[in-house]
Structures are given as structure tokens and as C-alpha cells.
Amino acid sequence: MVAAALAEAITHPAAGAALDIDNVNHAFDIDGAELPVLSDVSISVEPGEFVALLGPSGCGKSTLLRLVAGLDKPKAGTLREDESRIRSPQPSRVVVFQDPTLFPWRSVWDNVALGLEAQGILKSQRQRVDAALDLVGLSAFRNAYPHQLSGGMAQRVALARALVNDPKILILDEPLGKLDSLTRITMQAELVALWQRKGFTTLLVTHDAEEALVLANRVIVFSERPARVKADIRVDRPYPRHRGDPYLADLRRQILGLLGLDATW
Amino acid sequence: MSTYSLSDGLASGAPRISRAPLLAAWVKESGAGVAASAAWIAFGLSCLWWEDVGDWSRTHSLGIAAFVIAAITLFGTVGADYLGSAGRALRQRAPWLVALGVFLTLWEVATAKFAWLPLPFFPPPQAIIEVYTDDLPKLLDSVFASVRLQLGGYLIGATIGFLTGVSIGWSRAVGYWVHPVLRFIGPLPATAWLPIAFFTFPSSWSASTFLIALATGFPVTVLTWSGVASVSNAYYDVARTLGAKPSFLVLKVAIPAALPHVFVGLFMGLGSSFAVLVVAEMIGVKAGLGWYLQWAQGWAAYANMYAALIVMSLLCSGAITLLFAIRDRLLVWQKGTVKW
Ligand SMILES: Nc1ncnc2c1ncn2[C@@H]1O[C@H](COP(=O)(O)OP(=O)(O)OP(=O)(O)O)[C@@H](O)[C@H]1O
Ligand SMILES: [Mg+2]
């Protein structure tokens, strides 16, 4: 359907890249004191894998994503995309941030076109923007400005802005957090469909264990800050997955236990 | 049958019931217009009824013009429904027309007819009209001279200020060198440079251009700079992950994000450059509205001064209106902007 339109619009579908996070440590300086945020994080992601990252709030998930994106450099350790060291941002690794951070001075269409424009290929690839907008169901709002959108719509525009770049690694920081439950389920299905079709590697931060289990082949659970990898769980279930699946329910109980929520389950 | 007569009765009863409200509605819609018309008739009569205490040639024409305006106002507001947006605009402004008519009547009576206000200093309306009709070439020359000087200086100052502001906001090295200079020179009123500028520049015209540019440049620089500096890092992060190069970050992220600030700077610069323009014209440049004011004062030609002041105020207000129109065009994406 719409995902197919996007896939067609993109002439050379990029396969996913491998991601290697090797002994990464990171810390922030707050008022002279050092705040350790990541402690010896090592994760090796195969090309095309869908990895969900779960952890308590403030443990360092967004920080790790910024390192993967190349926006910050780790205090120690290395990150590699397909054997090459990550030193700076690259459009092959696109981030959908926790806040949509749309540019308020650009219309929806121009926001989605941002990446292509920055790379100087917008002129020949305008249809990709239209296809991405179609994909998130916002074609009718192409000329609207961000202040005219709802929070969920803005988040969808941010998603379209990332997808239009045809990334090798898609980095998602709670991108569906602000959506209503109905749109959320639709977008989850679209995301899986898109990921299967395109084969990009996906890194998804979420606070919703169920979402992680419905979407990912691998769920990584972090500890409290400083974040350590507490568990690395394979989810060997075919897609499309069903929320009621007892196997997933079992994993969910296990994950919530790791997050310290066994009493409430 | 019964329903029929019921609705029939309602239909015929309706106008009878609503006659009084209809009248009230008419008064509400057209009352101000009729009052405005009356006020302007009063003004016309005040021109023609008594003899002038002085010798002014336009009194009669002014009285006739007031009657014409009264007539236009009356027919315009009463027939507003047939005049579309012009009619609506007229109705909306009718209360102001009342106030204006009353003010002009009082002015006319207090000056030309009974000289309650001391005469040479408070000329009547017809004296000012006389300036516009009889001294028009000189006034127009002054307007052109002022506009040319102001426009040149303002554009130069705004451009340099904008570029400087972006560079300071963007580059630490530029900031290191320019910031202290800016702090030292910027707060100085541009007029303080007047004596030196008229010495050192080859012509008083170039000196004035420099001063106007200086007065404009400082606020534009500071506000552009603060605009660029306050752009959220999140925008840069987004652009960088999408493959933006530094030039893209400046041109397509920093500058558009800073634009609301830039317009505040342009607005402030416009205000302070007007002040410099008038002073420069009064002191150095032998042309322009400032010089016209000075000249009129020398001849004790008070009507000319008021006439020039009115023109000047229209020009300044027009310039600000233009600036706001440009801003509204460029910043459509902002919500809740102030209307000028
Ligand atoms: N730029 C920064 N400077 C200083 N401290 C920071 C900075 N960014 C994050 N931190 C700190 O690092 C810790 C981890 O932050 P991070 O945003 O990675 O958490 P998170 O796991 O994404 O949380 P959430 O699920 O609530 O989004 C927090 O304690 C935060 O205070
Ligand atoms: Mg976060």
C-alpha cells in the first residue's frame, strides 16, 4: 500500500547496516560533579535487526542514541557502523527524537524535505517527500505549519522526515509515545511493514514493554543510571505478532520483573 | 388549516414586533456615520460663518471640502450595505470621523475665528492646507531628500548589522573581536558622533548616511546576535543527523530561527534612525524635512512646521507599516504576532 509507494519511490533500497557498540562509557559534568550515565555498554546489532531498548526513566537511553547518531562522542569505548568508526552524524543514521522538533518556520512538506534538501538532492527526489507524507497519512496537511498540528501529528511528521532519507540505521527515541492508542497501533504495524520491506536496522527506545515485544526481534533491558545492559532477550516470533500471544505475555512478565515491577503484574 | 393561520399570523406579526429593535439596529449601524457627517458640517460652517481674523486664502475651499466629506460620510454609512468592504471600513471608522470633525471645528474656531490660541504659534487648518498647495515643490523636494537619505543609511546599517549579528552569534572568533567593540561603541547615541562625522566625512550627506547606518546597525546587530545565539540546539541536532553542512546550518536553521528577533532589531533601528535623520538634517545636510523644519522656524513660518511634521509622521508611520507588512509576510509561521 503506501509503504509500497515509498519503496517504489526510492530507487536504491538500502539494506541495514551492522552496529557495534563496544565498551562504551559516558558521563556528564553537572556543576563540576561527574554524573556517570553509561557504564560498559556493549551491544552488537546485526544488519537489519530490530532492537528495542527498555529501561527506567533517566537511565541513559537517549544518551546512548545520541552517541549512535554521532551527535556526541563517548568518554570511552567505540561505536562502529559497518566497521567504520562513528565520529559525526551521517544521513545513513537518522534519528527521530523524543520531541518532534519540527522547524516551526517550515511547512510540513518542507520539514519532511529537510534531509533531501540538506544533502542537495531534493530537486530530483521530490516524490519521495510526497510518498513519506502519504505514509504517515498527512498529505492533506502538507502546507500546514507545525503550530497547526496536534502533538501526535507532529510526531508523525518527524517520522516521515526520518524515513524519507532511506536510512541504514533508523534510531527512534519513543517516537510513538505521544500518539493515541489507535494511531499508535497503526503506526506500529506500518513501522514493522516498512522495516521488513526495506531491511534497515532499527534501534527503538520505548517505555512500553508490550510495544517492544510486538515490534522487535531483540529487547535489551537497561539498569538504573548509570545504564548497564541487564538483559538481552531474543523474541523469536513471526510477524505480524498478536498482543495476546502467551509467549509474548511470558516475556513481558519477565521484562517487567527486570524493571522491578513484578509486584504490580 | 390551523397551522397555516398560525404561521401566517407569525409572519405578519414579526415586523410589528421588531420595528423598535430595527430602528435601534439602524441607529447602531449608521448613527456614528450621521454624527460624523454632522461634525463635518459643523466644521464647514465654522469655516464659512465667521470672518477670519487673519489673511488666509483657503478658508472658503476648506469649508466646501468639509461639506463634501460630510456628504460622502453620510451616504457612505447609510448606504454601506451596497458598498461592500469600503462601506464596512467607513462604518468602522465613523467614530473617529466624529472625533476628527469635532477637533477640527474647535481648532478652526479657536484659531482662525476668535484667536483664543495665540496666533502665529497656532495656525488654523486652512494655513496648513495653504502650505500644501502653495509650498508643495519645496516640501516634495524635502520629502525626497529625507527618504533617500534615510533609505540609504537604513539599508546599509541593517545589512551590516544583520551580517555582524549572524557572525558574532555563529563564530566564537568573530565574537571575541567584535563583541568588545560593540559594547564600547554601540550604546553611544549616534548623534554624539555628529560633530566628528561632519568633519571627517567628505560630505555632510555621507556623514549623515554613516550616522543613520550606525543608529540602525547597533540594535539590529545585538538582536540578530541574540536571536542566533538562542536557537535551540535540538534544531541543529536534527539538521546535522539529516546531513546538513555548516552553511546549511547557518542559512537554513540559524537565520530563519533568529528572524523574529531580527525584526525586533529592525524595528528598533528604524526608530532610532529617524531621530538621527532629523537631527542630521537640521544640523548638517541642507535638505530634507528636518532642514525644512529648521528653515520654517527661522522664518517663524509655523504653519509650514506643522505641515512638515504631519508629513514626517505619515512617512515614519508608513515606514513602520511597511516593515511590519514584510515581517508578516516572512513570519507567517508565527502565531499571535502584533498587528501594527
Ligand atoms: N546534556 C546533558 N548534560 C547533563 N546531563 C545530561 C545531559 N543529557 C542527559 N543528562 C543526564 O543523563 C541522564 C540520562 O539522560 P537520558 O536523556 O539519556 O535518559 P533517558 O534514559 O532517555 O530517560 P527518559 O526515558 O526519561 O527519556 C539523566 O540523568 C540526565 O540528567
Ligand atoms: Mg530519553
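Residues numbered from 1 in each chain as written. Chains lettered and ligands numbered in written order. Predicted model: local features only at pLDDT ≥ 70, side-chain atom pairs only at ≥ 80, totals over all residues. Heavy atoms only, no water.

## Regarding the UniProt feature "domain: ABC transporter" (unreviewed entry) in chain A
Okay, so step 1: If you check UniProt for "domain: ABC transporter" (unreviewed entry), the listed places come out as residues 19–249 of chain A in our numbering.
Okay, so step 2: Its end C-alpha atoms 29 Å apart, residues 19–249 of chain A is made of 31% helix and 27% strand. (UniProt positions renumbered as here; feature names shortened; annotations may be inferred. Helix = DSSP H or I, 4+ residues; strand = E, 2+ residues; numbered from the N terminus.)

## Things to note about the coordination of the magnesium ion (ligand 2)
Residue and element names in this part refer to chain A.
Okay, so step 1: Taken together, the protein ligands of the magnesium ion (ligand 2) are S62 (OG) and Q98 (OE1), with distances of 1.9 to 2.4 Å. Separated by 36 residues along the polypeptide, S62 in helix α2 (residues 61–69) and Q98 in the loop between β6 (93–96) and α3 (108–112) bring together distant segments of the chain.
Okay, so step 2: Residue S62 is classed as partly exposed on the basis of its relative accessible area of 27%.
Okay, so step 3: Taking relative accessible area as the criterion, Q98 reaches 38% and is therefore assigned partly exposed. (Donors = N, O, S within 2.8 Å, 3.2 Å for Na, K, Ca; no water. Buried < 20%, exposed > 50% of the residue type's maximum accessible area, 1.4 Å probe, protein only.)

## Details of the sheet that holds strand β8 (residues 201–205) of chain A
Residues and elements named next belong to chain A.
Okay, so step 1: The mixed open sheet is built from 6 strands, whose spatial order is β6-β7-β8-β3-β9-β10. Across the chains shown, the open sheet's two edge strands, defined by having one partner strand only, are β6 and β10 (229–234). Going across the sheet, the axis of each strand differs from the next one's by a mean of 15°, ignoring polarity.
Okay, so step 2: As paired strands, strand β3 (residues 50–54) and strand β9 (residues 218–222) are joined by 4 bridges and run parallel to one another. Opposite L53, over in β9, you have I220 as the bridge partner. (Pairing = 2+ DSSP bridges. Axes fitted to C-alpha atoms, helices over the stretch in contact; angles between N-to-C directions.)

## Here we look at the nonpolar core
Okay, so step 1: Of all hydrophobic cores here, the largest spans 118 residues; its most connected members are A:I21, A:I43, A:L53, A:V219, A:F222 and B:V253.
Okay, so step 2: Tallying contributions element by element places helix α11 (residues 246–283) of chain B first for this core, with 14 residues.
Okay, so step 3: Once residues within four sequence positions are removed from consideration, B:V253 is found in contact with A:F103, A:W105, B:V231, B:Y235, B:Y236, B:A239 and B:F248.
Okay, so step 4: Listed in part, the 16 residues of the second largest apolar core include B:A112, B:V143, B:A303 and B:M312. (Core = buried A, V, L, I, M, F, W, Y, C linked by side-chain atoms within 4.5 Å. Contact = heavy atoms within 4.5 Å.)

## A short note on the layout of surface pockets
Rolled over the atoms, a probe sized like a water molecule indicates the empty space that remains.
Residue and element names in this part refer to chain B.
Okay, so step 1: Estimated volume of the largest pocket: approximately 590 Å³.
Okay, so step 2: Lining of the largest pocket is provided by 27 residues; of these, L151, Y154, L270, A319 and L322 occupy positions nearest its centre.
Okay, so step 3: Breaking the lining of the largest pocket down by element, the ones donating at least two residues are α6 (136–170), α11, α12 (289–298) and α13 (302–330).
Okay, so step 4: With 9 residues, the single largest contributor to the lining of the largest pocket is α11.
Okay, so step 5: Of the residues in the lining of the largest pocket, the class split is 23 nonpolar, 3 polar and 1 charged. (1 Å grid on protein atoms, 1.4 Å probe; cavity = no way out; pocket = protein on both sides within 12 Å on 5 of 7 lines; lining within 4 Å. Points joined across faces, edges and corners; volume = space filled by probe spheres on them. Nonpolar A, V, L, I, M, F, W, Y, C, P; charged D, E, K, R; others polar.)

## A short note on the UniProt feature "domain: ABC transmembrane type-1" (unreviewed entry) in chain B
Okay, so step 1: Per the UniProt record, "domain: ABC transmembrane type-1" (unreviewed entry) is found at residues 143–324 of chain B.
Okay, so step 2: A distance of 22 Å separates the end C-alpha atoms of residues 143–324 of chain B, which is 85% helix and 0% strand.

## Let's talk about the site of ligand 1
Residues and elements named next belong to chain A.
Okay, so step 1: Within the structure, ligand 1 sits among 14 residues, and S57, G58, S62, T63 and R225 are positioned closest to it.
Okay, so step 2: Between ligand 1 and the protein, one listed contact pairs an oxygen atom with a backbone N or O atom of G58 at 2.8 Å.
Okay, so step 3: The backbone of G60 places a nitrogen or oxygen atom 2.9 Å from an oxygen atom of ligand 1.
Okay, so step 4: If ligand 1 stood free it would expose 640 Å²; the protein chains cover 66% of that surface.
Okay, so step 5: Mapped by element, the contributors of at least two residues to the shell around ligand 1 are β1 (19–30), β2 (33–45) and α2. (Near = heavy atom within 4 Å. Polar contact = N/O pair within 3.5 Å; in protein donor to acceptor, adjacent residues only side chain to side chain. Areas by Shrake-Rupley, 256 points an atom, 1.4 Å probe, with all protein chains shown as cover.)

## Digging into the interface of chain B and chain A
Okay, so step 1: At the interface, 20 residues of chain B touch 26 residues of chain A.
Okay, so step 2: Carbon and sulfur atoms make up 70% of the surface buried where chain B meets chain A, a total of about 2,000 Å² over both sides.
Okay, so step 3: Ranking the residues of chain B by area buried against chain A places B:T241, B:L242 and B:W333 at the top, with a combined share of 36%.
Okay, so step 4: For the pair chain B and chain A, the number of links is 2 salt bridges.
Okay, so step 5: For the salt bridge of B:K252 with A:E117, the shortest nitrogen-to-oxygen distance reads 2.6 Å.
Okay, so step 6: By residue number, the principal contributor to the side of chain B that touches chain A is helix α10 (residues 233–241) of chain B, which donates 7 residues.
Okay, so step 7: Broken down by class, the residue content of the side of chain B that touches chain A amounts to 12 nonpolar, 3 polar and 5 charged. (Buried area = accessible area lost by both parts, 1.4 Å probe. Salt bridge = Lys/Arg side-chain N within 4 Å of Asp/Glu carboxyl O.)

## What about the pairing of strand β4 (residues 76–81) of chain A?
All names here are of chain A.
Okay, so step 1: Bridge analysis of β1 against β4 gives 5 bridges, and the strand direction is antiparallel. Each residue of the ladder has a partner; that of N25, found in β4, is A76.
Okay, so step 2: In this structure, β4 lies alongside strand β5 (residues 84–85), joined through 2 bridges in antiparallel fashion. Within β5, the residue paired with R80 across the bridge is R85.

## Structural notes on the packing of aromatic side chains
Okay, so step 1: Within this structure, the stated rule accounts for 17 aromatic pairs over all chains.
Okay, so step 2: Measuring from centroid to centroid gives 5.8 Å for B:F103 and B:W107, while their planes differ by 45°, and the two rings are tilted. You can see B:F103 and its partner B:W107 sitting in helix α4 (residues 85–113), 4 residues apart, about one turn around the helix.
Okay, so step 3: When the centroid spacing of 5.2 Å and the interplanar angle of 70° are considered together, the rings of B:F121 and B:Y302 count as edge-to-face. Remark: B:Y302 occurs in helix α13 and B:F121 occurs in the loop between α4 and α5 (125–134); sequence separation between them is 181 residues.
Okay, so step 4: An aromatic cluster is present here, built from A:F103, A:W105, B:Y235 and B:W333 joined pairwise through their rings.
Okay, so step 5: Sitting above the plane of the A:Y239 ring, A:R241 keeps its charged end 4.2 Å from the centroid. (Phe/Tyr/Trp six-rings, centres within 6.5 Å; stacked < 30°, edge-to-face > 60°. Lys NZ or Arg CZ within 6 Å of the ring centre and 35° of its normal.)

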